[in-house]
Amino acid sequence: MAVTTRLAWLHEKTLQNHFGGKRLSLLYKGSVHGFCSGDLLDRCYNQGPTLTVIYGEHRIIGAYAEKSYQERKAASIILLALQETKISEWELGLCTPERLFCHDNVKYNSTTNFQIELRNRKVIMGSKTTEDLGLVQNCTISIQDCEVFRCEDLLDERKIKGVTELRKSLLSALRTYEPYGSLVPQIRILLLGPVGAGKSSFFNSVRSVFQGHATHQALVGTNRTGISKKYRTYFIRDGKDGQYLPFILCDSLGLGEKEGGLCRDDIFYILNGNIRDRYQFNPMESIKLSHHDYIDSPSLKDRIHCVAFVFDVNSIEHFSSQMIEKIRRLRRELINAGVVHVALLTHVDSMDLITKGDLIEIDRCVPLRSKLEEVQRKLGFALSDISVVSNYSSEWELDPVKDVLILSALRRMLWAADDFLEDLPLEKQVDVFGGVEA
């Protein structure tokens, strides 16, 4: 049976972030391996930086060794006390592992100020240490359990290499992608979502990845107002050969509360391919059939082949009942019309305690998993249809982890579009979406 830590996820993430983004790999657990300092040191010698975590009845304290424990050699020790998500620390200074863990009957020395007696299941601290760690004036703590972790970089050279190779593979697959059955030359993806969700930023991010440097073609507004007032169809050139890529991202006015934002009828005109690029939206009424930007007889290549709902991951819990009902109703109408759609969560890097390492292991990240389940519960999307991204905003340098998320989300959209094209009866290519009330 695998040995697991007693640390709660929130405590583990707090410790990881406190020490600069570290992976905690469990080396020793007292309740499993025995409360013997000799056994602990045997497991922890030459393991690099380590974190010892002591579980008391009402508190968690720890000792971080910046360098590997080596026999009879002193290491710099930092003591810490963890309370909820707050950490207080005090530098103990140089200390040999034998003295820190009271090995070979080393007696407590008041000048040491801190000592772990595993055999007696207690930690002895000087009053000064107790005070500096913000603990109550009790110089002895009973040990319920003791764990030692090896502290490794979350994104070591091996993982960075893996991310870089995945990025290269995704770029190649998307550059050579061909729509199902060659029914259309390019896939059209409509980005829908509340104002400020990150629709325009996603287009900029996709373009940046394929250009090889950060770009900002689409103007980006604030969370309150947004800036997209026109319907835009963005063709993207590949920075490698200058050729147009096999997909088009379509941006639109944001969805507003109640009657504000993009009109329902305009959405279906867009889906049907009736609206030209750069049409100026009117939130109060949909496009007139006599408007010069209205297309009477669109072909399959003009229509939308996949809809991507874009949501700010931090706003999901604050959605009003009106917004939830609007999105659910729109999803029902899309399903009835046979339109495939997916969800895209943006700004995931701004969530509390999220590190770059979490973004390449989403399934193991509790807060992200919780957000996905919240979208599923509130809005009805299947977990397999939800992607997460961290858009480029003010950065000028590309990041391989961000690129992989962006490219993975785009690939999922193209797969969904292929499902739509495959399910499309060729004899019914006209009026696929049914009529839209004038």
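Note that this is a predicted model, so its numbers are computed, not measured.

Draft legend 1. Broad picture of the overall build of the protein. Scanning the protein from N- to C-terminus turns up 11 helices and 15 strands. Burial status across the protein gives 53% buried among its 438 residues. Excluding contacts between residues fewer than 6 apart, the proportion of contacts in the protein whose partners are at least 24 apart in sequence is 63%. Counting every atom, the protein has about 20,800 Å² of accessible surface; 47% of that belongs to carbon and sulfur.

Draft legend 2. Looking closely at the packing of helix 7 (residues 199-211) against helix 11 (residues 400-422). For the pair helix 7 and helix 11, the least separation of the axes is 10 Å and the interaxial angle reads 110°. On the basis of their axis angle, the class for helix 7 and helix 11 is roughly perpendicular. Contacts between helix 7 and helix 11 involve Phe202, Ser205, Val206, Val209 and Phe210 on the former and, on the latter, Asp403, Ile406, Leu407, Leu410 and Met413. For the contact of helix 7 with helix 11, the class distribution of residues is 8 nonpolar, 1 polar and 1 charged.

Draft legend 3. Seen up close, the pattern of salt bridges. What the rule picks out here adds up to 18 salt bridges. Its salt-bridge partner being Asp132, residue Lys128 comes within 3.4 Å of it at the nearest N-O pair. One end of the pair, Lys128, and the other, Asp132, are both in helix 5 (residues 127-132), 4 residues apart, so they sit about a helical turn from each other. Given the relative accessible area of 46%, Lys128 is considered partly exposed.

Draft legend 4. Examining helix 7 more closely. Given a rise of 1.5 Å per residue, 13 residues ought to cover 18 Å, and the 19 Å separating the end C-alpha atoms of helix 7 matches this to within 8%. Most of helix 7 is tucked away, with 11 of its 13 residues classed as buried. Turning to helix 7, its buried residues number three or more, namely Lys199, Ser200, Ser201, Phe202, Phe203, Asn204, Ser205, Val206, Ser208, Val209 and Phe210. The first or second residue beyond helix 7 is Gly212, which carries a positive phi of 90°.

Draft legend 5. Up close: the packing of aromatic side chains. In this structure the tally under the stated criterion is 12 aromatic pairs. The interplanar angle of 15° and the centroid separation of 3.9 Å between the aromatic rings of Phe203 and Tyr234 together place this pair among those described as stacked. Residue Phe203 is found in helix 7, and its partner Tyr234 is found in strand 11 (residues 232-237); the two are separated by 31 residues along the sequence. Exposure class is identical for Phe203 and Tyr234. Each is buried. Aromatic side chains Phe210 and Phe247 sit 5.8 Å apart centroid to centroid with 55° between the ring planes, which places their arrangement in the tilted category. With Phe210 in helix 7 and Phe247 in strand 12 (residues 244-251), this pair connects stretches of sequence that are 37 residues apart.

Draft legend 6. How the structure looks around unusual backbone geometry. One non-glycine residue with positive phi stands out, namely Arg278, at about 75°. Summarising the element assignment, Arg278 is placed in the loop between helix 8 (264-272) and strand 13 (306-312). Residue Arg278 is classed as partly exposed on the basis of its relative accessible area, which comes to 48%.

Draft legend 7. Representation of the environment of Ala75. Relative to the elements of secondary structure, Ala75 occurs in strand 4 (residues 75-83). Along the primary structure Ala75 and Thr96 are separated by 21 residues, whereas in three dimensions their C-alpha atoms are 6.1 Å apart. Contact partners of Ala75, with chain neighbours within four places excluded, come to Lys67, Gly93, Leu94 and Cys95.

Draft legend 8. Broad picture of the pairing of strand 7 (residues 122-125). Relative to strand 7, strand 6 (residues 114-117) is paired through 4 bridges, and the arrangement is antiparallel. Along strand 7, the bridge assignment pairs Glu117 with Lys122. Between the end of strand 6 and the start of strand 7, which pair antiparallel, lie 4 residues, with Arg121 showing a positive phi angle near 55°. In the sheet, strand 7 pairs with strand 8 (residues 140-142) via 3 bridges, with the strands oriented antiparallel.

Calculation notes
Residues numbered from 1 in each chain as written. Predicted model: local features only at pLDDT ≥ 70, side-chain atom pairs only at ≥ 80, totals over all residues. Heavy atoms only, no water. Helix = DSSP H or I, 4+ residues; strand = E, 2+ residues; numbered from the N terminus. Buried < 20%, exposed > 50% of the residue type's maximum accessible area, 1.4 Å probe, protein only. Contact = heavy atoms within 4.5 Å. Areas by Shrake-Rupley, 256 points an atom, 1.4 Å probe, with all protein chains shown as cover. Axes fitted to C-alpha atoms, helices over the stretch in contact; angles between N-to-C directions. Parallel < 35°, antiparallel > 145°, perpendicular 65-115°, else oblique. Nonpolar A, V, L, I, M, F, W, Y, C, P; charged D, E, K, R; others polar. Salt bridge = Lys/Arg side-chain N within 4 Å of Asp/Glu carboxyl O. Expected span 1.5 Å × (residues − 1). Phe/Tyr/Trp six-rings, centres within 6.5 Å; stacked < 30°, edge-to-face > 60°. Pairing = 2+ DSSP bridges.

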